[in-house]
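Structure assessment
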Amino acid sequence: MKCFLTRRLPQAAMEQLETTFELRVNPYDRVCTKEELLEGVRWCDILLCLLTDPIDAEIIRANPHLQGIVNYAVGYNNIDVAAATARKIPVTNTPGVLTETTADLAWALIFSVARRIVESDAFTRSGAFAGWAPQLFLGGDVWGKTLGIIGAGRIGTAVALRSAGFNMPLLYVDEHPNTPLEQQLGARKVSLTELLQQADFVSLHVPLLPQTTHLIGMAEFAAMKSTAYLINTSRGAVVDEAALVQALQTGRIAGAGLDVYEHEPLLHPALKALPNVVLTPHIASGSKDTRTRMGLICAENAAAIKAGKMPPQIVNPEIYR
Ligand code: DGY
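What you see is a predicted model, and the numbers here were worked out from it, not measured in a lab. (Residues numbered from 1 in each chain as written. Predicted model: local features only at pLDDT ≥ 70, side-chain atom pairs only at ≥ 80, totals over all residues. Heavy atoms only, no water.)

**Some thoughts on the site of the ligand**
Neighbouring the ligand are Leu51, Ala73, Val74, Gly75, Leu98, Arg235, His282, Ser285 and Met294. Note that an oxygen atom of the ligand is positioned 2.7 Å from one of the side-chain N or O atoms of His282. Contact with the protein chains covers 92% of the free accessible surface of the ligand, which is 230 Å². Taken together, the residues of the shell around the ligand sort by class into five nonpolar, three polar and one charged. (Near = heavy atom within 4 Å. Polar contact = N/O pair within 3.5 Å; in protein donor to acceptor, adjacent residues only side chain to side chain. Areas by Shrake-Rupley, 256 points an atom, 1.4 Å probe, with all protein chains shown as cover. Nonpolar A, V, L, I, M, F, W, Y, C, P; charged D, E, K, R; others polar.)

**Regarding the sheet that holds strand E8 (residues 188-189)**
Spatially, E8-E7-E6-E9-E10-E11-E12 is the arrangement adopted by the seven strands of the open sheet, whose pairing is parallel. Here the strands that pair on one side only, and so sit at the sheet edges, are E8 and strand E12 (277-279). Docked against the sheet, helix H11 (residues 241-249) engages strand E10 (229-232), strand E11 (255-258) and E12, running at close to 140 degrees with respect to E11. (Pairing = 2+ DSSP bridges. Helix = DSSP H or I, 4+ residues; strand = E, 2+ residues; numbered from the N terminus. Contact = heavy atoms within 4.5 Å. Axes fitted to C-alpha atoms, helices over the stretch in contact; angles between N-to-C directions.)

**Considerations on the packing of helix H5 (residues 99-114) against helix H7 (residues 154-161)**
The relative placement of two packed helices comes down to the angle between their axes together with the axis-to-axis distance. In the contact formed by H5 and H7, the axes pass within 8 Å of each other and the chain directions differ by 55 degrees. Regarding the angle of H5 to H7, the classification is oblique. Note that H5 runs across H7; the crossing there is right-handed. Residues Thr99, Glu100, Thr102, Ala103, Ala106 and Trp107 of H5 touch H7, and the partners they reach there are Arg154, Ile155, Ala158 and Val159. By residue class, the composition of the contact of H5 with H7 is six nonpolar, two polar and two charged. (Parallel < 35°, antiparallel > 145°, perpendicular 65-115°, else oblique. Left-handed = near helix turned anticlockwise from the far one by under 90°.)

**Points about empty space enclosed by the protein**
Inspection of every chain in the model, using the stated rule, returns one cavity of 30 Å³ or more. What the largest cavity holds in volume is close to 30 Å³. Taken together, Asn232, Gly236, Val239, Glu241, Leu244, Leu258, Val260 and Glu262 form the lining of the largest cavity. In the lining of the largest cavity, the residues fall into four nonpolar, two polar and two charged. (1 Å grid on protein atoms, 1.4 Å probe; cavity = no way out; pocket = protein on both sides within 12 Å on 5 of 7 lines; lining within 4 Å. Points joined across faces, edges and corners; volume = space filled by probe spheres on them.)

**Structural notes on H11**
Where H11 is concerned, the buried positions are Glu241, Ala243, Leu244, Val245, Ala247 and Leu248. Close packing links the buried residues of H11 with helix H10 (218-223), E10, E11 and E12. With a side-chain oxygen lying 3.2 Å from the backbone nitrogen of Ala242, the N-terminal cap of H11 falls on Asp240. Gly251 lies just past H11 and shows a positive phi near 75 degrees. (Buried < 20%, exposed > 50% of the residue type's maximum accessible area, 1.4 Å probe, protein only.)

**Quick word on the domain arrangement of the protein chain**
Domain boundaries assigned for the protein chain yield domain 1 (2-97 + 287-320) and domain 2 (99-279). Here the C-alpha centre of domain 2 lies 31 Å away from the C-alpha centre of domain 1. The junction of domain 1 with domain 2 conceals about 610 Å² of combined surface from both sides, 46% of it contributed by carbon and sulfur atoms. On the domain 1 side of the interface with domain 2, the three residues burying the most area are Leu51, Asn77 and Gly96, jointly 55% of the side's total. Along the contact surface separating domain 1 from domain 2 lie zero salt bridges. Connecting domain 1 to domain 2 are three residue pairs in polar contact (both at pLDDT 80 or more). (Domains from an automatic or database assignment. Buried area = accessible area lost by both parts, 1.4 Å probe. Salt bridge = Lys/Arg side-chain N within 4 Å of Asp/Glu carboxyl O.)

**A closer look at the pattern of salt bridges**
Evaluation of the coordinates by the stated rule reveals ten salt bridges. For Glu36, the salt bridge goes to Arg30, with nearest N and O atoms at 2.8 Å. Look at Arg30 and you get partly exposed, because its relative accessible area is 31%. The salt bridge involving Glu194 is made with Arg188; its shortest N-O contact spans 3.1 Å. For Glu194, a relative accessible area of 24% gives the class partly exposed. By relative accessible area, which is 39% here, Arg188 ends up partly exposed. Residues joined in a network through salt bridges with shared partners are Lys34, Asp56 and Glu58.

What follows is the structure, given as C-alpha cells:
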C-alpha cells in the first residue's frame, strides 16, 4: 500500500511507516502546494497530512480509491470530514499524546506575558540593565489570580490541574460538567460572561468549529478585566484577531500569549509591534518526545487502515457501523 506524507515526520515515525508502506514524502521543507497535494493524493492509498494542509472535497475527490486520511494533529479543522465520511474514508487524528505538552506551553505563555519575560530578556541582552530598580519590568502576579478555562476537555483540564500549586481560583466554561476539576480544585462551571468578567487569565481550549469561530471578539474583550490576559493555544480563528489587536492597543486587556493566529502563518500586521503580547509559532505540541509520539500514532492509525480495522484514533467512527 502507498502512503503519501505531506511533510517529513520525526525519524522513529518514518521508520515505523517504512515497515508497512511504500512511502512518498514531500521533498521540500515547506507546506505542499495545492498541485503537489493533488499529485500526492492521486498516487497514494493513504494520505498522511498536517494541520497546514487543507484537505477539502476537491482533494478527496481527486482519488476515487483513497482509503484513509491520517492527520498529524489532534485538531482536524483542516479536513472536510463530511466529504470523507460520505465516501466512507476513515479520518484519524492524534489525541491524548500532546495534552500535557500543550498544557505546558499554555503555562509558558501565562508566565511569559504576565512577568514580561520576552521584553526583559531583550533588555538584559541589549546591555541596558544598569542594576536593580524598584519599577523595572513590573508585571502581573500569576499566583492567587483567577484562571478561566474555556473548553475543559483534555487540554483545558491539564492546564487547569497545573494551577494547583499557584493557589488560583478556577472557573471554566464547557458544555459538560468537569467533576474531577470541581472535586480536586473546587473549580466552578460558569457562563462565558461570568468567566470573562472574573478571570485574570482566560485560556482557550476549544476546537475550531462554526460555533467557536470568533468566540472571543469585541464584546468579549469589553467584558474582560483591563488587568486580564488572554492565552490562545487552540486555533487562531477562535479569536477575532482585529478585535484582539484593538483590545491590546487600547489597554482594554493587559496582554496576550498567542501560539496560534487567525490567518496562520500570517500575523495581523500590528501584533508584532505590541509589547504586551508574546508570540510563538504554533509550537504547543512541539517537544521532541511528543512530536515523535504523534508520528507513531499516525503510523498505528495508518497500519490499522491497511489491515482493514478501525484505527485507534478515529474521527468518523460512524463509517464502520
Ligand atoms: C494539534 O495537534 O492540533 C496542534 O495544534 C498541533 O500539534
